[in-house]
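Observations on the three-dimensional arrangement
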Amino acid sequence: MFRARPRLSRALNVGYLALIVPILACYVMPTSWVNQEQWHTLFDRVSLGHLTYYDQPALIGLLAIILLAFYRNGGRFARLCAPMIIVMAITLLTLQFYLQANDTLHEVRPLPLPLLAGLLLIALSKIDPRLLRRRYHPYRPTFTALILGAFVMSTSLVYWHYQNVQMQYRLNSDSRTISNDVLEQLDQALESHDQSMEHLNRIWNMLDQAPTQAQWQAIVSIYFDTFTFEKALAFVSPSGVIERYQSRGAARDDVIGKPLSAVAPPLDAHEPDFSPTASSDTQIVLLDGQVPSLMYYFSSHSQNGHVIGATVSILSIPALLDSLNGYLAEHRVALSVILKGDTLYSRAPSEKVSDLRYCNMLAIGDAGLTLCTAPTQRWLADEHGNLADIVLVTGLVFALMTFALVRLNRQINDQRHKAQKAKARLEQEIEQRKTLQYQVEWLAHHDELTGLANRRHFIHQVQNHPSRAIAVVMIDIDHFKAINDRLGHHQGDRFLKGIASALSSSVSRYQGSLARYGGEEFIALFAQHELCPGALEKTVRAAVDATGLIHPLTQRPVTVSLGVALGFQEDIEQLIIRADEALYLAKQQGRDRLVIAEA
């Protein structure tokens, strides 16, 4: 007896898998392996016509059912992943509830509410209360695993939702485009016909009289060959009586002499206007009182302006719309034409049509035809694809695997975490040493107060300068000793920083480099072709003035003097001496100026 139970359980599991696996496979299997038509045929045969591929159950609810069944019959692995399975099942069932109640994008197929409620209660009843006790040590790893698994699951669900939204927008856009193309093709066909009829009417105008029977027969036959939807052509006298009439296939003498309104009564009871001021008009009529048709009439005028009559063209609405059969079959859409709530024309493919409708208005005179297109369910399935479903199922499986790995490898993770901490401390110490070394190297080549290069680094820049012909500029703050004496060294440092910043921005405009040479002296390096001494003097003076620093001795903005020497890299020492001499001359000549050393 006890041995029979496992056998029965295994048999039930086999039957359950035989039912569930094909349904799940139709969601996730690539269409290059099994296309939608093959799935449709399989479902139809297995269910004896009671179930089709397009009636497949909701993926979210289906996954929740699979998880609950796996929890009950999944063996050791299911027991290991039990907390994550329950969390996933509750999340999926809650999401199914929400989307089923608030879904405007048709992301999920509805499931019976009693079934959803029952599944949710089953899932809630499986929660282990010990999971809520944070002090219960064996379950501490579970919370970490749940957080990771929930993150993976949430990411998969968000991606699935995002892909569904984008896909639905794309399908709506494609369906709307098809509907607009149908309207555009009809407009093009009617416009081409309208131009041809205007050409025919101009022929009658040139005749300056109503066409004879021979003239009429010679011309109108061309129009029946050109336009397959041309139902009849007539020439009507100014009083509205038919004088010439030709229908597709043969002439009808029985309508000659009858009023046009008797042969093709308008639906809106609006009579054609044959007054001298009228030109053309369009109406929807019932040809022979039965067939809905489009009637175009064009007034013909003689050379002196009086009305000869009107050329009337009657188009068959079904034949006109049948010209779109190739396009409709190619894009697998149904078409219906509605006038004042009544369906005038309807064409549907053999496939099942979806509930989506896209309608446009075709203006016909004072009335209008409503053209509605609807894609088939098979077209929607082919266009929709299953990438989002594959990612969702893969993500849920990955979430379970993540949860299992976290619980199984807790000790390994703890050891790895300790090793990572030690490694992080070592890397931090190495980084601190690198930073300290960099700071020492930086201080060895830079002035700490101004942040500029020092004299040693300046010589290094000269030696590595790409241009052999260079210019050296010595810059000195005028009367700087008085600043220190009167304001103190702290304010003197402030002056040095401000002027160093102003000089740095000025020198960089000419692709030069600046260094602090010592005390209140600075030195700049330029390529000779980049330097214009006069422009540099103006730039430096303006930048120093912009600092707003006031000299305490003169009570005027602080100034600088500049000495320039031109030469070559190998003569740097002499260049510095000559630039310093030029700076001395600038001081002697009254300061606040630039002096160029003689060659």
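The structure under discussion appears in the preceding block.
Here's a quick rundown of the structure.

1. Thoughts on the overall build of the protein chain
Assigned secondary structure in the protein chain consists of 19 helices and 14 strands. Buried residues in the protein chain amount to 42% of all 599 residues. Expressed as a percentage of contacts within the protein chain between residues at least 6 apart in sequence, the contacts between residues at least 24 apart total 63%. Here the protein chain displays about 32400 Å² of accessible surface, and carbon together with sulfur accounts for 56% of that area.

2. Quick look at unusual backbone geometry
Of note, Gln511 is a non-glycine position whose phi angle comes to about 60°, a positive value. Looking at the element boundaries, Gln511 is found in the loop between α17 (489–508) and β11 (513–518). One non-glycine residue, Arg591, lies in positive phi territory at about 65°. Residue position: Arg591 is located in the loop between α19 (572–588) and β14 (594–596).

3. Describing a nonpolar patch on the surface
A cluster of nonpolar side chains, namely Phe77, Val397 and Met401, defines an oily patch on the protein surface of about 240 Å² accessible area. Examined against the element boundaries, Phe77 turns out to sit in helix α4 (residues 75–80). With a relative accessible area of 31%, Phe77 lands in the partly exposed category.

4. So, the state of the cysteines
One pass over the structure, following the stated rule, counts one disulfide. Residue pairing for Cys359: its cysteine sulfur links by disulfide to Cys372, the two sulfurs lying 2.1 Å apart. Disulfide Cys359-Cys372: torsion about the S-S bond near 105°, hence right-handed. In this pair, Cys359 is assigned in strand β8 (residues 358–364) and Cys372 in strand β9 (residues 367–375), connecting sequence segments 13 residues apart. For Cys372, a relative accessible area of 6% translates into the label buried.

5. A word on the pattern of salt bridges
According to the stated counting rule, one finds nine salt bridges in the structure shown. As a salt-bridge pair, Asp174 and Arg170 come within 2.9 Å of each other at their nearest N and O atoms. Of this pair, Asp174 and Arg170 both sit in helix α7 (residues 140–207), four residues apart, which is roughly one turn of that helix. Given a relative accessible area of 25%, Asp174 falls into the partly exposed group.

6. Things to note about the packing of aromatic side chains
All chains considered together, the criterion is met by one aromatic pair. Aromatic side chains Phe227 and Phe229 sit 5.7 Å apart centroid to centroid with 50° between the ring planes, which places their arrangement in the tilted category. Side by side, Phe227 and Phe229 carry an identical accessibility label, which is buried. Positioned above the aromatic ring of Tyr517 is the side chain of Arg455, whose terminal nitrogen or guanidinium carbon lies 4.0 Å from the ring centre. Directly above the ring of Phe568 sits Arg468, whose terminal nitrogen or CZ lies 4.3 Å from the centroid.

7. Comments concerning the environment of Gly149
Take Gly149: it is sitting in helix α7. Sequence separation of Gly149 and Val406 is 257 residues, and the distance between their C-alpha atoms is 9.4 Å. Discounting residues that sit within four places of it in the chain, Gly149 has contacts with Met84 and Ala399.

8. Considering the packing of helix α5 (residues 82–102) against helix α13 (residues 387–408)
Orientation of α5 relative to α13, taken along the N-to-C sense of each, is 150°, at an axis distance of 10 Å. The angle between α5 and α13 falls in the class roughly antiparallel. Relative to α13, α5 is oriented so that their crossing is right-handed. On α13, the residues that touch Pro83, Met84, Ile85, Met88 and Leu92 of α5 are Leu396, Ala399, Leu400, Phe403 and Arg407. Among the residues forming the contact of α5 with α13, the class breakdown is nine nonpolar, no polar and one charged.

9. What about the pairing of strand β6 (residues 333–339)?
Walk down a regular strand and you will see the side chains alternate between the two sheet faces. Within β6, six of the seven residues are buried, which leaves the element mostly enclosed by the surrounding structure. By the bridge criterion, five bridges tie β6 to strand β7 (residues 342–347) in an arrangement that is antiparallel. When the sheet's bridge partners are listed, Val337 is paired in β7 with Tyr345. The turn linking β6 back onto β7 is made up of two residues, and Lys340 within it adopts a positive phi angle of 55°.

10. Some details on the side chain of Ser467
Within the secondary structure layout, Ser467 lies in the loop between α15 (455–463) and β10 (469–477). A relative accessible area of 15% places Ser467 in the buried class. One polar contact links the side chain of Ser467 to the main-chain carbonyl oxygen of Ala469, over a distance of 3.0 Å. Apart from residues no more than four positions distant in its own chain, Ser467 is found in contact with Ala527, His529 and Gln569.

11. Quick look at the nonpolar core
Core analysis: the largest hydrophobic core is formed by 43 residues, its most contacted members being Leu294, Leu321, Leu335, Leu362 and Leu369. No other element matches α7, which puts eleven residues into this core. In this structure, Leu294 is in contact with Leu190, Gln283, Ile284, Ser313, Ile314, Leu315, Ile317, Leu320, Ile364 and Leu369, ignoring residues within four places of it in sequence. Counting residues in each nonpolar core, the second largest holds 30 residues, with Leu146, Leu400, Phe403 and Val406 among its members.

12. Details of α5
A rise of 1.5 Å per residue sets the reference length of α5, with its 21 residues, at 30 Å; its end C-alpha atoms lie 30 Å apart and thus fit the reference within 8%. All buried positions along α5 are accounted for by Ala82, Pro83, Met84, Ile85, Ile86, Met88, Ala89, Ile90, Leu92, Leu93, Gln96 and Leu99.

13. What about the packing of α17 against helix α18 (residues 533–546)?
Their axes nearest at 9 Å, the elements α17 and α18 cross at an angle of 150°. Comparing the axis directions of α17 and α18 gives the class roughly antiparallel. The element α17 and its partner α18 pack so that their crossing is right-handed. Residues Ala502, Leu503 and Ser506 of α17 pack against Thr539, Val540, Ala543 and Val544 of α18. Of the residues in the contact of α17 with α18, the class split is five nonpolar, two polar and no charged.

Quick notes on the rules
- Residues numbered from 1 in each chain as written.
- Predicted model: local features only at pLDDT ≥ 70, side-chain atom pairs only at ≥ 80, totals over all residues.
- Heavy atoms only, no water.
- Helix = DSSP H or I, 4+ residues; strand = E, 2+ residues; numbered from the N terminus.
- Buried < 20%, exposed > 50% of the residue type's maximum accessible area, 1.4 Å probe, protein only.
- Contact = heavy atoms within 4.5 Å.
- Areas by Shrake-Rupley, 256 points an atom, 1.4 Å probe, with all protein chains shown as cover.
- Patch = residues over 30% accessible without salt bridge, like charges linked within 9 Å, V, L, I, M, F, W, Y side chains within 5 Å.
- Salt bridge = Lys/Arg side-chain N within 4 Å of Asp/Glu carboxyl O.
- Disulfide = S-S within 2.5 Å.
- Phe/Tyr/Trp six-rings, centres within 6.5 Å; stacked < 30°, edge-to-face > 60°.
- Lys NZ or Arg CZ within 6 Å of the ring centre and 35° of its normal.
- Axes fitted to C-alpha atoms, helices over the stretch in contact; angles between N-to-C directions.
- Parallel < 35°, antiparallel > 145°, perpendicular 65-115°, else oblique.
- Left-handed = near helix turned anticlockwise from the far one by under 90°.
- Nonpolar A, V, L, I, M, F, W, Y, C, P; charged D, E, K, R; others polar.
- Pairing = 2+ DSSP bridges.
- Polar contact = N/O pair within 3.5 Å; in protein donor to acceptor, adjacent residues only side chain to side chain.
- Core = buried A, V, L, I, M, F, W, Y, C linked by side-chain atoms within 4.5 Å.
- Expected span 1.5 Å × (residues − 1).

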